[in-house]
Amino acid sequence: MEYHTATLDANTVYRVMVNSILPRPIAWISTVSADGVANLAPYSFFTVASCNPPVLSVTQVNPRDRPAKDTLTNLRATGACVVNIVSAALAEQMNATCADYPSGISEFDAVGITRAPGQAVAADGVAESPVRFECRLREVIEISPEPSGGTMMLLDVVHIHVADSVLANGVIDPQLLDAVGKMGGNGYANTRERFDLARPVYKAAP
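What you see is a predicted model, and the numbers here were worked out from it, not measured in a lab. (Residues numbered from 1 in each chain as written. Predicted model: local features only at pLDDT ≥ 70, side-chain atom pairs only at ≥ 80, totals over all residues. Heavy atoms only, no water.)

A. Expanded view of the side chain of Asn-39. Within the secondary structure, Asn-39 is located in strand β3 (residues 38-43). Classification of Asn-39 by relative accessible area gives buried; the value is 5%. Within polar-contact distance, the side chain of Asn-39 engages the side chain of Thr-71 at 3.4 Å. Setting aside its immediate chain neighbours within four residues, Asn-39 contacts Ile-29, Ser-30, Thr-31, Asp-70, Thr-71, Asn-74, Glu-107 and Phe-108. (Helix = DSSP H or I, 4+ residues; strand = E, 2+ residues; numbered from the N terminus. Buried < 20%, exposed > 50% of the residue type's maximum accessible area, 1.4 Å probe, protein only. Polar contact = N/O pair within 3.5 Å; in protein donor to acceptor, adjacent residues only side chain to side chain. Contact = heavy atoms within 4.5 Å.)

B. Structural view of the sheet that holds strand β2 (residues 27-32). Reading across from one edge, β3-β2-β6-β9-β10-β5-β4 is the order of the seven strands in this open sheet, with antiparallel pairing throughout. Whereas interior strands pair on both sides, the edge strands pair on one side only; in this sheet they are β3 and β4 (46-51). On average, each strand axis in the sheet is tilted by 35 degrees relative to the strand beside it, whichever way the strands run. Looking at chain direction, β2 and β3 are connected through six bridges and run antiparallel. Bridging from a neighbouring strand, Val-32 pairs with Ala-38 of β3. Against the sheet, helix α2 (residues 70-78) touches β2, β3, β5 (54-61), β6 (80-85), β9 (131-142) and β10 (150-162), its axis set at about 50 degrees to β2. (Pairing = 2+ DSSP bridges. Axes fitted to C-alpha atoms, helices over the stretch in contact; angles between N-to-C directions.)

C. A look at the sheet that holds strand β14 (residues 188-190). Strand order in the open sheet formed by three strands is β1-β13-β14, and the pairing between neighbours is antiparallel. Each edge of the sheet is formed by a strand with only one pairing partner; in this case those strands are β1 (24-25) and β14. In the sheet, β1 pairs with strand β13 (residues 180-182) via two bridges, with the strands oriented antiparallel. Residue pairing across strands places Arg-24 opposite Lys-182, the latter belonging to β13.

D. The pattern of salt bridges, seen in detail. Here the structure, examined in full by the defined rule, presents seven salt bridges. Among the ionic pairs, Asp-156 bridges to Arg-138, the shortest N-O distance being 2.8 Å. Within this pair, whereas Asp-156 is found in strand β10, its partner Arg-138 is found in strand β9, the two being separated by 18 residues in sequence. Bridged by salt links that share partners, the residues Asp-65, Arg-66 and Asp-100 form one connected network. (Salt bridge = Lys/Arg side-chain N within 4 Å of Asp/Glu carboxyl O.)

Structural data, given as structure tokens:
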């Protein structure tokens, strides 16, 4: 099947993308509102933007009923967040925070998630998350203001917490981290089945 995007509605484009660009890592982002309400929400349009300096990239797919989700609203107001990595043991709690809670209700409290005070930012992280990136907002890039349009959040990493339980010889072990990724629809994937391929070295022909 061939798709010409100029002729497609946004929902069709979304379905093609989320069912083919996968598995996607999950940024479980905790923020705090200007009124002091803690928010926690997962985003799967998430990756590394830079390692020097350390910058994460998270994209909001704009909701249909308002300009921004609570995460972006809070980031613009306070400039701080924690990106919590989701292990398999946290998958159900993470999924519970996908519900569209009113902005005055904290998902931490509604779902019963333990908070870990930020070390460098004024936002709590998820205590059970094995890796937490504490961040400050660097830049918001609006690709499109339309519903289902994209708004990218670039986040400067200022502090990283790594649980000793996921370390092997001082390095994060993917098996111990046991992270989950997002598939299409309601699907998730674990990272327990792995394979290795050595990176090839180019050698010029004699």
